[in-house]
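Observations on the three-dimensional arrangement
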Amino acid sequence: MSDVGSDSGMGSSPIIGFSIHLGTVAPTDTGSIPPWVSTGHAIPVLVEPKTSGEPYWSGWALAGDSRATAVASHDGVTVLLAGELYHRAELGSVVGETADGLSDAELLLACWLRYGPSGLRLCNGRFAAVVAENDSVVVATDHAGTIPLYLRTRPDGVDVATEAKVLAEGAGDSFPAPGTEPAPGLTGVRRVQAGTAVTLVPGSTVAEAARTWRPPHHRLIVSPDEAVNRVADVLDKAVRTRLGGPHDPVTAVLSGGIDSSSVVALASGGGRPVRTISLGTDIGDEFAAARVVAEHLGTRHHEFRCSSEELVRQLPWAVAAAEIVDAEVLEYLLPLVVLYRMVPNEGTRIVTGYGADIPLGGMHRTTERLHSLDEVIAFDMGTFDGLNELSPVLGSMAGHWTTHPFWDRDVLDLLTALEPGLKRRDGRDKWVLREAMRELLPTATVTRPKLGIHEGSGTSSAWSQLLRRVGVAESDLASVKTAMAAVFHRRTVREQEPPGEVSFDDVLDEVMSEQNLAVTR
């Protein structure tokens, strides 16, 4: 059907990211390799149109395997997909193709040939895609935008990339295409919204957008037993579809909390060997809780520790990966970034329990009334887009591929829609998940109170402590953090400076000077 090679590297799709120009003029070459912070093999993409009106493709794809072929094409349709699809067999059954032997790009292509753009509504995965047909180009994110996707329109076409920094140089005014919003700190760069397919005609201002997924607003009334069984089943499937081949090694982040422990327990099912990893600092760790789970499940467990100061000094890496300026979210992401960077670079597939808090209300454990709990869950599910908390760049800049079962589309649909009395019950947060895992995990783990990864590693206090030591007053902490995040973003994203060359102290001095605050060292 196409010339795409067999699956290799990171599973069903070896493409990590891309930077592509789709234009009206024939390119002379693919241009220079983009300034990604993700690591991998750069593969040139150069596709000539087969009929008049089709766009020229030029640019680069980033792959986990140097043998990967970036695009799939057939019958006038060309597809580029970064990431992976998680329901291959089901998707193959409805498009009349067996999924065996097909890459994810080929599977998406088959879906497109049968259903057209609406076929994107069938896709449950972690992906960003570009599809060209006739004179139109469709750029699309998965249901939750877990691979951020950016675009910039130009008179001669459109640039599309999975890292915003790639489009920063020379960016000017860009057509505000529907289904997009401005990327932070980058004039002329637009981010495609989660669960959205944007159709453009290169070289024009013709554009339209279609939603392929929205968080459910309704709530399900089911019995507690049915809810527990359904959560166990849907989460089990989400984990299994993310583990790669039957002999592929599995690494899982393990804090010892119910979220990560649930994923590890399900990943260990069937006797598959699993390696678990935990991070701690001199301020805090959850090693004891993680060991209980690792010993219970028989995983090969590894503990990584760094000083709290070194943890905070890696903030430029977190900003370069997530490409955001929200200081609070950066504190959530920083421990994961540091942990991924400490894991030996083996092209590791890492599965996490990250994200369960949002549909289950885990970060709102002090919210007592069920009405209020449901309101904050609805708010969080309506505002997650653009925070890039699940961006693969957090891991791929260290050579790893990360995946998050709690943000599987089917898992999100169920967890979000369950009525709040199943999430807060008998005084316990995340009740339905804890009950679903009761037979698989130690009682101490099932009943352990919620603790965020940034809390367990001390990240939320480490940044503040470092700032206090240099004389920042308590009343100035928030504004200094926000300003530092903006400077890190300017230097690593807009100015494309390698994060390893951005000095935490220099940025702190710059911010303190701008705010007329004195630094004492």
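Structural data are supplied above this passage.
This section reports on the structure supplied with the text. (Residues numbered from 1 in each chain as written. Predicted model: local features only at pLDDT ≥ 70, side-chain atom pairs only at ≥ 80, totals over all residues. Heavy atoms only, no water.)

Further remarks concern empty space enclosed by the protein. Throughout the structure, instances matching the rule amount to seven cavities of 30 Å³ or more. Taken as a whole, the largest cavity holds about 180 Å³ of empty space. Around the largest cavity, the lining comprises 22 residues; the ones closest to its centre are Ala144, Gly145, Phe384, Asn388 and Glu389. Classifying every residue of the lining of the largest cavity by side-chain character gives 12 nonpolar, seven polar and three charged. (1 Å grid on protein atoms, 1.4 Å probe; cavity = no way out; pocket = protein on both sides within 12 Å on 5 of 7 lines; lining within 4 Å. Points joined across faces, edges and corners; volume = space filled by probe spheres on them. Nonpolar A, V, L, I, M, F, W, Y, C, P; charged D, E, K, R; others polar.)

On to helix H5 (residues 287-297). Here H5 has its buried residues at Phe287, Ala289, Ala290, Val293 and Ala294. Here the buried residues of H5 occupy an arc of 160° about the axis, which is enough to place them on one side. The outward face of H5, more than 90 degrees from its buried face, is lined by the exposed residues Ala288 and Glu295. Here the buried face of H5 lies against helix H4 (258-267), strand E15 (274-280), strand E16 (300-305) and helix H14 (443-446). Looking one or two residues beyond H5, the residue adopting positive phi is Gly298, at roughly 75°. (Buried < 20%, exposed > 50% of the residue type's maximum accessible area, 1.4 Å probe, protein only. Helix = DSSP H or I, 4+ residues; strand = E, 2+ residues; numbered from the N terminus. Arc of directions from axis to C-beta. Contact = heavy atoms within 4.5 Å.)

A few words on the pattern of salt bridges. Evaluated as defined, the whole model comprises 31 salt bridges. A salt bridge links Arg448 to Glu286; the nearest nitrogen and oxygen atoms lie 2.7 Å apart. Of this pair, Arg448 sits in the loop between H14 and helix H15 (453-456) while Glu286 sits in the loop between E15 and H5, and the two are 162 residues apart along the sequence. Overall, the relative accessible area of 9% leaves Glu286 in the buried class. The shortest N-O distance in the salt bridge between Asp505 and Arg313 comes to 3.0 Å. Taken together, the positions of Asp505 in helix H18 (residues 504-514) and Arg313 in the loop between helix H6 (308-312) and helix H7 (315-322) put the pair 192 residues apart, joining distant regions of the chain. Judged by its relative accessible area of 25%, Asp505 is partly exposed. Each of Arg152, Arg154, Asp156 and Asp159 takes part in one network of salt bridges that share partners. (Salt bridge = Lys/Arg side-chain N within 4 Å of Asp/Glu carboxyl O.)

Purely spatial values, then, with no claim about function.
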